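Examination of the molecular architecture
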Amino acid sequence: MGYKVAVVGATGNVGREMLDILSERAFPADEVVALASSRSLGQEVSFGDKILKVKALDTYDFSDTDICLMSAGGDASKEWSPRIGQQGCVVIDNSSAFRYDADVPLIVPEVNADAVVGFTKRNIIANPNCSTAQLVVALKPLHEAATIKRVVVSTYQSVSGAGKDAMDELFSQTRAVFTAGEVVQKKFTKRIAFNVIPHIDVFMEDGYTKEEWKMVAETKKMLDPKIKLTATAVRVPVFIGHAEAVNVEFERPLSPEQATEILRSAPGVLVIDKRENGGYMTPHEAAGEDATYISRIREDATVENGLNFWCVSDNLRKGAALNAVQIAEVLVNRKLLNKARQAA
């Protein structure tokens, strides 16, 4: 039996990636529908070797649709996801709108796939923040082996995490620098070309940004509420691919060699770690790939049971679109979609 899948936000970076990944992974869909706001009505997007005409979200009937991959931003999701869920369609939402809702599972399939069964309360499943997704894929097997006490993570996040306008701004600013033109700032608070900005999302009262808070809250929800985590999130002039420098303290000893072996056999992880020039992964090489890459695994001798590692992933794929499609695959493989109709 094939399923009917709707992709909301199909004209955006992540929406287009969702369509590509559904096709690449041969998701068992009899029909895929591209949806966006009415101003995108009639635009064309690619789905495998097919071209789909974009339909308007506000006039679409979800009553015969099985899965909705939602990538239209938090405000749109807050308005539409509950309505769609009430029609018996399971929403897999890429925004932050429902991540911290106790009745909505927050899922990375390699980490906590079993928690997906909780979706029947609202017919909504949340995708985590892109920087959290790759982090917990790496932390999960290490936590099982030696129990994580504390994590210190510094992120180096590409501009694609802020959308197409942000990518355009990096491109136009870079060109302006080379041509002695005017460097125009719109999307970012400071120039992003040949610069780094220690500011992602809004500032909170304690001095952390919302992006940094998300990593704390989401790691606790998906992995273990006892884990202490602190983050510094930085935007860097890279188009696609997030990188993270991760420091971990464990309750029990875990050598770099043991950690390497554990990560080599972990789902969704590839270890590229040769202690030589170029023996590590960078965002450029991870772009377009599904894996979360781990490099630079080494002891932190300044604390008891400490390790450092470098973590790189394509934020549009594992950080968003791929993770959403993997959640949909869990629903199909575990035959959970009929429960969505019963819950509606």
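Residues numbered from 1 in each chain as written. Predicted model: local features only at pLDDT ≥ 70, side-chain atom pairs only at ≥ 80, totals over all residues. Heavy atoms only, no water.

Stated formally: UniProt positions are given in the numbering used here, feature names are shortened, and annotations may be inferred rather than shown by experiment.
Under an unreviewed UniProt entry, the name given to the protein chain is Aspartate-semialdehyde dehydrogenase, and the source organism is Methylorubrum aminovorans. Of the comments in the UniProt record for the protein chain, the one headed Function (unreviewed entry) reads "Catalyzes the NADPH-dependent formation of L-aspartate-semialdehyde (L-ASA) by the reductive dephosphorylation of L-aspartyl-4-phosphate."

1. Focus on the nonpolar core
Test applied: Remark: nonpolar core denotes a set of buried residues (Ala, Val, Leu, Ile, Met, Phe, Trp, Tyr, Cys) joined through side-chain atoms within 4.5 Å. Residue exposure (1.4 Å probe, protein chains only): buried if accessible area is under 20% of the type maximum, exposed if over 50%, otherwise partly exposed. The contact criterion used is simple: two residues touch if any of their non-hydrogen atoms lie within 4.5 Å.
Grouped together as the largest cluster of nonpolar side chains are 51 residues, with contacts concentrated most on F62, L139, V151, V246, I294 and F309. The contacts of V151, once residues within four sequence positions are left out, are L139, I227, K228, L229, T230, V246, N247 and V248. Core analysis: the next-biggest nonpolar cluster, separate from the first, contains 38 residues, V5, I67, L316 and L331 among them.

2. Digging into the packing of aromatic side chains
Heads up, the condition is: Between the rings of Phe, Tyr and Trp (Trp by its six-membered ring), a pair exists once the centres lie within 6.5 Å; its type follows the angle of the planes, with under 30 degrees stacked, over 60 edge-to-face, and the other angles tilted. Where helices and strands are cited, they refer to DSSP runs of H or I of at least four residues and of E of at least two residues respectively, numbered from the N terminus.
One pass over the structure, following the stated rule, counts 4 aromatic pairs. Seen from their ring centres, F178 and F194 are 5.7 Å apart, and the 75° between their planes marks the pair as edge-to-face. Note that F178 is positioned in helix α5 (residues 164-179) and F194 in the loop between α5 and α6 (210-222), a separation of 16 residues in sequence. In this pair, the class of F178 matches that of F194, namely exposed.

3. Remarks on the pairing of strand β2 (residues 29-36)
What counts here: Note: two strands are recorded as paired if DSSP finds a minimum of 2 bridges between them. By definition, the crossover connecting two strands over a helix is right-handed if that path, from the first strand to the second, turns clockwise as seen with the strands pointing away from the viewer.
In the sheet, strand β1 (residues 3-8) pairs with β2 via 6 bridges, with the strands oriented parallel. In the strand pairing of β2, A6 is matched with V33. Regarding the hand of the β-α-β motif, the stretch spanning β1, helix α1 (residues 13-24) and β2 is right-handed. With 2 bridges joining them, β2 and strand β5 (residues 55-56) adopt parallel strand pairing. Paired with A36 across the two strands is A56, which belongs to β5.

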